[in-house]
Amino acid sequence: MSGAPLFDKVVVFGVGLIGGSFALALKAAGQAGEIVGFGRTLGSLNQALQLGILDRVGFNVGQEVSSADLVLIATPVGKTAEIMARMAPCLGHQTVVTDGGSTKEDVVAAARMHFGNRIGQFVPAHPIAGAENSGVLAARADLYRDKQVVLTPLPENSPPHVARVRSAWECCGGLVRELTAAEHDRIFAAVSHLPHLLSFALVHELAKRDNRDVLFGFAASGFRDFTRIAASHPEMWRDICLANRTALLDELDRYRAQLDQLRDALQRGDGAALETTFDLARAARREWAERKRQE
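Residue numbers restart at each chain and count upward from 1, following the sequence in its written direction. Predicted model: local features are reported for residues with pLDDT of at least 70 only, side-chain atom pairs are reported and counted for 80 or more only, and whole-chain, interface and lining totals are derived from all residues. Water and hydrogen atoms were dropped before computing side-chain values, which therefore reflect all heavy atoms in the structure.

Chemist: Any chance you could explain the pairing of strand E2 (residues 32-38) here in plain terms?
Modeler: Each regular strand shows side chains that alternate between the opposite faces of the sheet. Partly exposed residues are those whose accessible area sits between 20% and 50% of the maximum for their type, while under 20% is buried and over 50% is exposed, using a 1.4 Å probe and protein chains only. Numbering of helices and strands starts at the N terminus; helices are DSSP runs of H or I of at least 4 residues and strands are runs of E of at least 2. Judged by how many residues are buried, E2 sits mostly within the fold: five of seven residues are covered. Examined bridge by bridge, strand E1 (residues 7-13) and E2 share six bridges and lie parallel to one another. Across the sheet, residue Val-11 finds its bridge partner in E2, namely Val-36. For the handedness criterion, the β-α-β arrangement of E1, helix H1 (residues 17-28) and E2 is classed as right-handed. Pairing between strands is defined by DSSP: at least two bridges between them are needed. The path from the first strand over the helix to the second decides the hand: if it runs clockwise while the strands point away from the viewer, the crossover is right-handed.

As structure tokens, this is what we get:
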């Protein structure tokens, strides 16, 4: 792609799957002049340098953020507030900040606390493109291609700031949609956070049994498909569950009620009730899969 890049300087906090893939995608699109990274360990940052994900490792937050066009916070959501506190005093007037967090209301609250009257420079986002593998070695340039990215703009965001963040994710191949932060958290409690919780719970319960090796030895494709996401990053999912716990508790209660209905049907030997539930679920799953295939 010819011409000047959209962003002369991009700063990424957290150069793992999400942050590293964002950096690689912007580089592949020719839309980042320089990418500077911050992280918890120098070892992973040096790996990112060697892999061509970063151009430089950052050491001075104030120096790097003050001259950045775009900043991405791609750490576990539990670390977001701490990073915002560090960068808030040194935000450049041209700097726009976004994030990749899987929860939004808590992130927005942290931004309001730390950015104050500069809150308009923060445009929250969530790329729907995770994977069970994490870390810098999992990063890839095509992670966001044809994947949804949700923006949850704030009333204080100017149209140009929202457009800049939208453009960044679109350059990565993302399909950008907008929700409110509250809508986002309710939706993803149901379709993302609850499934992860259930997958972790099943594997944990089986792993505690004395005959775990026998059970896992006979586990096949159904177990593999249902529990794939239990290989996800424990710290990240701990933070997500706690951050969105109100909506997640509501979804967990709904699921427990469904399980109670199935248990009652089993106890009664009510095959018709089981089949009705399974049939409706199969139809809904097939309709969803077909719709995703056509997208």
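Chemist: Can you walk me through the nonpolar core in this structure?
Modeler: Among soluble globular proteins, nonpolar side chains are generally buried collectively. By nonpolar core we mean a set of buried residues, namely Ala, Val, Leu, Ile, Met, Phe, Trp, Tyr and Cys, connected to one another through side-chain atoms within 4.5 Å. Ranked by size, the top nonpolar core spans 38 residues in total, and within it Val-10, Phe-22, Ile-53, Leu-70, Tyr-144, Leu-151 and Trp-169 carry the most contacts. Counting residues per element, this core draws most heavily on H1, which supplies seven residues. In what follows, a contact means two residues having at least one pair of non-hydrogen atoms within 4.5 Å. Leave out the neighbours within four places in its chain, and Ile-53 touches Val-15, Gly-20, Ala-23, Leu-24, Lys-27, Ile-35, Ala-48, Val-136 and Ala-139.

Chemist: Which parts of the structure should I look at to understand the sheet that holds strand E8 (residues 148-151)?
Modeler: Two modes of strand pairing occur in sheets, parallel and antiparallel, and in both the strands are linked by backbone hydrogen bonds. Strand order in the open sheet formed by three strands is E7-E8-E9, and the pairing between neighbours is mixed. Of all the strands in the sheet, the pair left with one neighbour each is strand E7 (125-127) and strand E9 (175-178). Along the sheet, successive strands turn relative to each other by an average axial angle of 20°, direction set aside. Under this scheme, a helix contributes an axis fitted over its contacting stretch, all axes are lines through C-alpha atoms, and angles between N-to-C directions fall in the 0 to 180 degree range.

Chemist: Is there a simple way to explain the pattern of salt bridges in this structure?
Modeler: It is possible for side chains bearing opposite charge to pair when their charged atoms get close. Salt-bridge detection follows one rule: a side-chain nitrogen of Lys or Arg within 4 Å of a carboxyl oxygen of Asp or Glu. All told, the structure shown has 19 salt bridges when counted by the stated rule. Between Glu-235 and Arg-238 there is a salt bridge, with its nearest N and O atoms 3.9 Å apart. Taken together, the positions of Glu-235 and Arg-238, both in helix H10 (residues 234-243) and three residues apart, correspond to about one turn of that helix. Its salt-bridge partner being Glu-287, residue Arg-291 comes within 3.8 Å of it at the nearest N-O pair. In this pair, Arg-291 and Glu-287 are both assigned in helix H12 (residues 271-294), four residues apart and thus about one turn of the helix distant.

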